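Coordinates in review
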Amino acid sequence: MIIIKNKLAIDNMRHAGHILATILEDIRSQVVAGVSTYELDSMIEAQMTANGLQAPCKGYGTYRFATCISLNDGIVHGVPSKEIILKSGDFVKIDVVGSYKSYCADLTRYYFVGEVSATARRIAEVAQIALDSVIELVRPGIKLSDISALVQQIVEKEGFGVVRDFAGHGIGQHFHEEPSIPNYGKPGKGPIVTEGMAFAIEPMITEKSFEVRILPDGWTAKTIDGGLAAHVEDTIVVTRTGVEVLTRLA
Ligand code: MF3
Ligand code: CO
């Protein structure tokens, strides 16, 4: 069942989303060579707490951190570690869920440490174009899989792959709600999108093969062939005529 959000739910999700968007912007100056992903996670969590947000990823199954931080060939669910120290050339993705009065927002931003490769810049740009295009597309009356098809079409046209093993999702009082929103598929299928639905849209794309493997930590995913992976994410709510992005500042 897809839960339709009322005004109170949307207000709380927007509050969480704006705080998180501010935190992931402010952290930019700290994403530099020499810092560990553990330190970045701690700084973000401290800012969340200071601003009245909970971190529902912490304690989700065996997961113990507020954020997921993935480098280079890492894609989603990178576990923060004191041993993972950023170096020049790293392509960093930070994914965080925050909740306010139990209502969640989920977003992912990317960062470059020093100079990165042209491929890193391009794959990041294509992921961002795919996300922005979905935001332009979504309005009441489209079919859910129109989102999936649009992402796949944009990404594959550029010669990149879309990850099959992870998907975007509905979001509300739980950060993973129905429906699942894959980044590939045929258009015109699935439920009709209606006002009040809230989605986390998250293109996850790869330089070469779209296949990923999970590391022994049980969480960190990497591309199978070591190619780069990009990931961007925003939480959106469907309005009467389009969408409101809850995780971007005006
Ligand atoms: N932010 C992730 C998502 O978009 C959820 C991470 S679950 C965790 O689905 F437990 F790994 F944090
Ligand atoms: Co998500």
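Attention here is on the structure that accompanies the text. (Residues numbered from 1 in each chain as written. Chains lettered and ligands numbered in written order. Predicted model: local features only at pLDDT ≥ 70, side-chain atom pairs only at ≥ 80, totals over all residues. Heavy atoms only, no water.)

**Observations concerning the packing of helix α3 (residues 118-137) against helix α4 (residues 144-157)**
We apply this condition: Note on geometry: axes are lines fitted to C-alpha atoms, helical ones only across the stretch in contact, with angles between N-to-C directions running from 0 to 180 degrees. Where helices and strands are cited, they refer to DSSP runs of H or I of at least four residues and of E of at least two residues respectively, numbered from the N terminus. By convention the crossing between two helices is left-handed if the near helix lies anticlockwise of the far one by an angle smaller than a right angle, and right-handed if it lies clockwise. Residue contacts are defined here by distance: any two heavy atoms, one from each residue, within 4.5 Å place the two residues in contact.
Contact geometry for α3 and α4: axes closest at 9 Å, N-to-C directions at 150 degrees. Handedness of the crossing formed by α3 with α4: right-handed. When α3 is examined against α4, the residues Val126, Ile129, Ala130, Ser133, Val134 and Leu137 are found in contact with a partner set consisting of Asp146, Ile147, Leu150, Val151, Ile154 and Val155.

**Section: the sheet that holds strand β3 (residues 103-112)**
For clarity, the cut-off: Being paired, for any two strands, means DSSP has found at least two bridges between them.
Spatial strand order, β1-β2-β3: three strands in an open sheet with antiparallel pairing. At either margin of the open sheet sits one strand with a lone partner, and together these are β1 (67-71) and β3. In this sheet, neighbouring strand axes are inclined to one another by 15 degrees on average, regardless of whether the strands run parallel or antiparallel. In terms of strand pairing, β1 meets strand β2 (residues 91-100) through five bridges, oriented antiparallel. Bridged to Ile69 within β2 is Ile94. Of the strands in this sheet, β2 and β3 are in contact with helix α1 (residues 7-26), which crosses β3 at around 20 degrees.

**As for the packing of α1 against helix α2 (residues 37-50)**
Rules: Ten residues, namely Ala, Val, Leu, Ile, Met, Phe, Trp, Tyr, Cys and Pro, are considered nonpolar, four, namely Asp, Glu, Lys and Arg, are considered charged, and the remaining ones, Gly among them, are considered polar.
Between α1 and α2, whose axes approach to 10 Å, the crossing angle comes to 145 degrees. Every pair of crossing elements has a handedness; the one defined by α1 and α2 is right-handed. Residues Leu20, Ile23 and Leu24 of α1 pack against Ile44, Gln47 and Met48 of α2. Taken together, the residues of the contact of α1 with α2 break down into five nonpolar, one polar and no charged.

By themselves, these figures tell us nothing about what the structure is for.
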